[in-house]
Amino acid sequence: IANSKEIGAQADVIVLAVKPQVMHDVCRQLQPALESRACLVLSVAAGISSSHLQRWLGDHLALVRCMPNTPALVGKGASALYANQRVSNDQRSIAEELLGAVGLAVWLDDERLMDAVTAVSGSGPAYFFLLMEALQDAALDLGLDADTARALVCQTALGAAELAATSSATAAELRRQVTSPGGTTEQALNQFEHGNLRALVKQAVAAAERRSRELS
C-alpha cells in the first residue's frame, strides 16, 4: 500500500503510530477514504484524545486509544486501552490481541484515567531505570566493576518483577519477607523511609499525570 488514501480505502484495522504533533495531518490524509467505511482505528499517540480523533476522522468510526510503554520492544509491555461506543466486541478482541502480542493489555472505562496510566506505566520504565542507575553507581562505589554491577542490578530487577508478578503476595508482603529485623535490608530500607521515598514517588507520579493532562 503506497499512501494514506490506499490505507484508508483497504485496511480493516488502522494503527496510528505517529508522533502526536503530526497526527492531525495524518488524519486529514486518511479522512476522505474513511467517510464511508467502518474500520477500526487504533491510536498509540500520547495525549491525543478520542474526541480529537473523532473530529479529525469522523464520528462514525470505531476508535481505540492506547497507551503502551517501551518494554513492548521485548514483549513485556504494559498497555491501557479505551474504546469509544462504536467499537464492537470483535473489534475489542482485535485491539486486545494486537497489544497483547507485546505484553499486558488492560481496558479502561474512563478515558480520563489515561493520564494516570501515562504517569504510572507510560513513564514508569524511566523510574525503574533511574533506580537501576543509582544502584549501579552505588555498587561501583563499593568496589564492584561496571560489568558485574550491571549484571547484578539487571537480574535483581528482573527477578523482583517476576516474583511480584507471579506471587499471590502483595509487594508490601514480599518486601517484609526479605527484611529480617536488624539485618542489612532493614538498614537500607530505613534510609529510603527517612528520605521520604514514598512521598517523593507520589509527587513524581502526580507531576507526570498533571503534565499529561496539560499536553492533551
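Residues numbered from 1 in each chain as written. Predicted model: local features only at pLDDT ≥ 70, side-chain atom pairs only at ≥ 80, totals over all residues. Heavy atoms only, no water.

Student: Could you clarify how one ought to interpret the overall build of the protein chain in this entry?
Tutor: Looking only at helices and strands, the protein chain features 10 helices and five strands. Here the C-alpha atoms of the protein chain give a radius of gyration of 21 Å, more than 25% beyond the 17 Å that 2.2 N^0.38 yields for 216 residues. Oriented by its inertia axes, the alpha-carbon framework of the protein chain measures out at about 70 × 35 × 30 Å. Expressed as a percentage of its 216 residues, the buried residues of the protein chain come to 30%. Per element, the accessible surface of the protein chain, about 13700 Å² overall, is 56% carbon and sulfur. (Helix = DSSP H or I, 4+ residues; strand = E, 2+ residues; numbered from the N terminus. Rg over C-alpha atoms; globule rule 2.2 N^0.38 Å. Buried < 20%, exposed > 50% of the residue type's maximum accessible area, 1.4 Å probe, protein only. Areas by Shrake-Rupley, 256 points an atom, 1.4 Å probe, with all protein chains shown as cover.)

Student: Teacher, can you tell me more about the pattern of salt bridges here?
Tutor: Going through the model one piece at a time under the given rule, you end up with seven salt bridges. A salt bridge links Arg37 to Asp12; the shortest N-O distance between them is 3.5 Å. Residue Arg37 is found in the loop between helix 2 (23-34) and strand 2 (40-43), and its partner Asp12 is found in the loop between helix 1 (4-10) and strand 1 (13-16); the two are separated by 25 residues along the sequence. For Asp12, a relative accessible area of 57% gives the class exposed. Put simply, Arg28 and Asp25 hold a salt bridge, and the shortest N to O gap is 2.9 Å. One end of the pair is Arg28 and the other is Asp25, both in helix 2 and three residues apart, which spans about a single turn. (Salt bridge = Lys/Arg side-chain N within 4 Å of Asp/Glu carboxyl O.)

Student: Any chance you could explain the confidence of the model for the protein chain here in plain terms?
Tutor: Low pLDDT marks stretches whose predicted atomic positions should not be read closely. When pLDDT is averaged along the protein chain, the result is 94; 99% of the residues meet or exceed 70. Confidence, read as mean pLDDT per element, is least for helix 1 in the protein chain (78) and greatest for helix 6 (residues 124-141) (98). (pLDDT = per-residue confidence, 0-100.)

Student: Honestly, a nonpolar patch on the surface in this entry has me stumped. Any pointers?
Tutor: A cluster of nonpolar residues, Leu131, Leu135, Phe192, Leu197, Leu200 and Val201, forms a patch on the protein surface that exposes about 520 Å² of accessible area. Broken down by secondary-structure element, the contributors of at least two residues to the nonpolar patch are helix 6 and helix 10 (197-215). At three residues, helix 10 tops the list of elements feeding residues into the nonpolar patch. Following the sequence through the fold, Leu197 ends up in helix 10. (Patch = residues over 30% accessible without salt bridge, like charges linked within 9 Å, V, L, I, M, F, W, Y side chains within 5 Å.)

Student: Help me understand the nonpolar core, please; the structure alone is not making it clear to me.
Tutor: Generally speaking, nonpolar side chains in soluble globular proteins are found buried as a group. Counting residues in each nonpolar core, the largest one holds 16 residues, and the members touching the most others are Ile14, Leu16, Val41 and Leu57. Discounting chain neighbours no more than four positions away, the residues touching Ile14 are Ile7, Gly8, Leu30, Leu34, Cys39, Leu40, Val41 and Leu42. Of all hydrophobic cores here, the second largest spans 11 residues; its members include Ala62, Cys66, Leu81 and Val87. (Core = buried A, V, L, I, M, F, W, Y, C linked by side-chain atoms within 4.5 Å. Contact = heavy atoms within 4.5 Å.)

Student: Could you clarify how one ought to interpret the side chain of Ser121 in this entry?
Tutor: With respect to the element layout, Ser121 can be found in helix 5 (residues 114-122). The class for Ser121 is buried, based on a relative accessible area of 18%. If near-sequence neighbours (up to four positions away) are discounted, Ser121 is found in contact with Asn69 and Ala78.

Student: Before we go on, may I ask you to explain unusual backbone geometry in this structure?
Tutor: Leaving glycine aside, a negative phi is the common case for residues, and trans is the common case for peptide bonds. Non-glycine residue Asn196 carries a positive phi angle of around 60°. With respect to the helices and strands, the residue Asn196 is situated in the loop between helix 9 (184-194) and helix 10. For Asn196, a relative accessible area of 47% puts it in the partly exposed group.

Student: Is there a simple way to explain the pairing of strand 1 in this structure?
Tutor: Walk down a regular strand and you will see the side chains alternate between the two sheet faces. Of the two faces of strand 1, only the one carrying Ile14 and Leu16 is buried; Val13 and Val15 on the other face are not. Two strands pair when backbone bridges link them, and strand 1 and strand 2 are joined in this way by four bridges, in the parallel orientation. Note on strand 2: the bridge partner recorded for Ile14 is Val41. (Pairing = 2+ DSSP bridges.)

Student: How should the sheet that holds strand 1 be read in this particular structure?
Tutor: In sheet architecture, strand pairing relies on hydrogen bonds along the backbone and comes in two forms, parallel and antiparallel. Strand order in the open sheet formed by five strands is 1-2-3-4-5, with mixed pairing between adjacent strands. Bordering the open sheet on either side are strand 1 and strand 5 (103-107), each of which pairs with just one other strand. The sheet shows a mean angle of 25° between the axes of neighbouring strands, direction not considered. Packed onto the sheet, helix 3 (residues 50-57) meets strand 1, strand 2, strand 3 (62-67) and strand 4 (77-83) and runs at close to 140° relative to strand 3. (Axes fitted to C-alpha atoms, helices over the stretch in contact; angles between N-to-C directions.)

Student: Honestly, the packing of helix 5 against helix 10 in this entry has me stumped. Any pointers?
Tutor: Relative placement of two packed helices is described by the angle separating their axes and the distance separating the axes. Closest axis-to-axis distance for the helix 5/helix 10 pair is 8 Å, and the angle between their directions is 135°. Considering the angle they form, helix 5 stands oblique to helix 10. Of the two elements, helix 5 crosses helix 10, and the hand of that crossing is right-handed. Facing Asp115, Ala116, Thr118, Ala119 and Val120 of helix 5, the residues of helix 10 in contact are Val205, Ala208, Glu209, Ser212 and Arg213. Considered class by class, the residues forming the contact of helix 5 with helix 10 number five nonpolar, two polar and three charged. (Parallel < 35°, antiparallel > 145°, perpendicular 65-115°, else oblique. Left-handed = near helix turned anticlockwise from the far one by under 90°. Nonpolar A, V, L, I, M, F, W, Y, C, P; charged D, E, K, R; others polar.)

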